[in-house]
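Chains, contacts and geometry: an overview
Chain by chain, the residues:
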Amino acid sequence: MNVFWGNMALPEGFGAEVNIPLSELTSFRIGGNAKVVLHPHSYNAIRDAVTFAAQNGIPLALLGKGTNILASDRGFGGFVLRFDTPLHEPVYRGTTVIACCGTSLTALARETVRHGLMGLERLCGIPGTVGGACAMNAGAYGGEIKQVLVRIRVLKDGRDRWIDVRDCDLGYRRSAFSFPSCIALEAEFSLRHDDGTAAQTIQTCMDKRREKQPLELPSAGSTFKRPEGHFAGALIEQCGLKGFTIGGAQVSEKHAGFIVNVGGATEADVSSLIAYVQRVVLERTGVSLEPEIKRI
Ligand SMILES: Cc1cc2nc3c(=O)[nH]c(=O)nc-3n(C[C@H](O)[C@H](O)[C@H](O)COP(=O)(O)OP(=O)(O)OC[C@H]3O[C@@H](n4cnc5c(N)ncnc54)[C@H](O)[C@@H]3O)c2cc1C
C-alpha cells in the first residue's frame, strides 16, 4: 500500500496504518492518535523510514510492544515505527543465539530453553520485545539483559553496524541502545547449556508475577526505578498510597510499585499521580523516586 505524507509517497517495505490510537499500541491503554504507524518488513525499511523522516522533518517515535510507555493524550503527529514483530527466526550457533529485536522476549526465553539453553529464563514474563529489553536493560528476579547480551546490531547516525556491548554503558534500566540515540536491530546472546533447572525457573518466575503483579489491569510495569537501598513499592505502601486514585489512574492495590489504569485513565491522570506519589514519598521518607516509564 502506498502511504503519503503530504504529497510525498513513503518508501516501500512497510505495513502502514493512519490515525491509530496509541492506546491500542501500549499496554497502559492510554494515548491519542498516532498520525502514521509503520510496521517494517525488513531492516532496510527501518533505515529508509529513519532517513525519510529526517529528510522531511517528520517527528519519529519508536515502539516495541509499548509495555514501558506512557503516551500523550494529544497523540503523536508523525511516524510511529512499531518494531514488534520478528523479521526472521532466531539463529543458533552452539550456545550463542542471535535474535531479531522485534522478537518477543518471553517467546525467545522459552524457545532457548527448548533448545537446551539457559540464561534468559528469569526474564521470561517481561512483556516487551528483545529490542525494548536491550534499550531498557530489562531485568527481573536477579536476571538482567546485560548478563547475557554480547553484541548488538544498531542503526545509529545512518550506519548499520554491530557493537560489542563490553564497550557500552548498560546501567540499571538504562542502556546506550535506546531510541532516539539508535535503533537496536538484532541482539546476540551468549547462553549456556541448561543444567536442568531452566524450565522450573521460568515456572517459578511466572508464578511470582501472577501472584504479586496486577496483571489483570493495564499498566506499564513498575512506574519508578528502584531507588538505591530501597524498593519503590514498599516506600509508596509505607506512605499509605496503595489504592490512591486520580481519575482513572490508581496506585495498584496489589503492588504499590505499579500505577494501573482502572478505566479511562489519561496521560494527565497518570502524570498527576506520578507527581503526587513522588512528592509524598520525598516528604515522608526523604527518598526521591525517578520514573522508569518512557513517554511519547
Ligand atoms: C505487566 C508488566 C510487567 C513488567 N515487568 C518488567 C520486569 O520485570 N522488568 C523490566 O525490566 N521491565 C518490566 N516491564 C516493563 C517493560 O516490559 C520492559 O521495559 C520492556 O523491556 C519494554 O519492551 P517494549 O518492547 O515493550 O518496549 P517499549 O515499551 O515499546 O519501548 C520502551 C523504550 O525502548 C525504546 N525501544 C523499543 N524498542 C527499541 C529498539 N529496537 N531499539 C532502540 N530502542 C527501542 C522505545 O523507543 C522506548 O524508549 C513490565 C511491563 C509490564 C506492563
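Residues numbered from 1 in each chain as written. Predicted model: local features only at pLDDT ≥ 70, side-chain atom pairs only at ≥ 80, totals over all residues. Heavy atoms only, no water.

Observations regarding the overall build of the protein chain
- The secondary structure content of the protein chain amounts to six helices and 21 strands.
- Here the C-alpha atoms of the protein chain give a radius of gyration of 19 Å, agreeing with the 19 Å that 2.2 N^0.38 yields for 296 residues.
- Residue burial in the protein chain is summarised as follows: out of 296 residues, 52% are buried.
- The contacts in the protein chain between residues at least 6 apart in sequence include a share of 64% that link residues at least 24 apart.
- Total accessible area on the protein chain is roughly 13,500 Å²; 48% of this is exposed by carbon and sulfur atoms. (Helix = DSSP H or I, 4+ residues; strand = E, 2+ residues; numbered from the N terminus. Rg over C-alpha atoms; globule rule 2.2 N^0.38 Å. Buried < 20%, exposed > 50% of the residue type's maximum accessible area, 1.4 Å probe, protein only. Contact = heavy atoms within 4.5 Å. Areas by Shrake-Rupley, 256 points an atom, 1.4 Å probe, with all protein chains shown as cover.)

As for the packing of helix 2 (residues 105-114) against helix 4 (residues 198-212)
- Between helix 2 and helix 4, whose axes approach to 9 Å, the crossing angle comes to 155°. Comparing the axis directions of helix 2 and helix 4 gives the class roughly antiparallel. In this structure, helix 2 contributes Ala 109, Arg 110 and Val 113 to the contact, and helix 4 contributes Ala 198, Ala 199, Ile 202 and Met 206. (Axes fitted to C-alpha atoms, helices over the stretch in contact; angles between N-to-C directions. Parallel < 35°, antiparallel > 145°, perpendicular 65-115°, else oblique.)

Considering the site of the ligand
- Around the ligand sit 36 residues, and of these Leu 62, Gly 64, Thr 67, Thr 129 and Gly 139 come closest.
- Gly 64 places a polar main-chain atom, nitrogen or oxygen, 2.7 Å from an oxygen atom of the ligand.
- Lys 65 places a polar main-chain atom, nitrogen or oxygen, 3.0 Å from an oxygen atom of the ligand.
- The fraction of the free accessible surface of the ligand (970 Å²) that becomes covered by protein chains is 94%. (Near = heavy atom within 4 Å. Polar contact = N/O pair within 3.5 Å; in protein donor to acceptor, adjacent residues only side chain to side chain.)

Here's the deal with the domain arrangement of the protein chain
- Assigned domains of the protein chain: these are domain 1 (4-82), domain 2 (91-193) and domain 3 (214-295).
- Domain 1 and domain 3 are separated by 28 Å when their C-alpha centres are compared.
- On the side of domain 3, 17 residues touch domain 1, which itself brings eleven residues to the contact.
- Summed over both sides, the interface of domain 1 with domain 3 buries roughly 1,100 Å², with 57% coming from carbon and sulfur.
- In terms of surface lost to domain 3, no three residues of domain 1 exceed Phe 28, Asn 68 and Leu 70, which account for 57% of the buried area on that side.
- Across the contact surface, domain 1 and domain 3 share zero salt bridges. (Domains from an automatic or database assignment. Buried area = accessible area lost by both parts, 1.4 Å probe. Salt bridge = Lys/Arg side-chain N within 4 Å of Asp/Glu carboxyl O.)

Considering the pairing of strand 13 (residues 149-156)
- Taken together, the six bridges between strand 13 and strand 15 (residues 183-190) define a ladder with antiparallel strand orientation. Bridge pairing in strand 15 places Val 154 opposite Ala 184.
- In the sheet, strand 13 pairs with strand 14 (residues 159-164) via six bridges, with the strands oriented antiparallel. Within strand 14, the residue paired with Ile 152 across the bridge is Ile 163. (Pairing = 2+ DSSP bridges.)

Description of the pattern of salt bridges
- What the rule picks out here adds up to 14 salt bridges.
- Among the ionic pairs, Arg 47 bridges to Asp 48, the shortest N-O distance being 3.3 Å.
- Within the structure, one salt-bridge network assembled from shared partners comprises Glu 144, Arg 173 and Glu 292.

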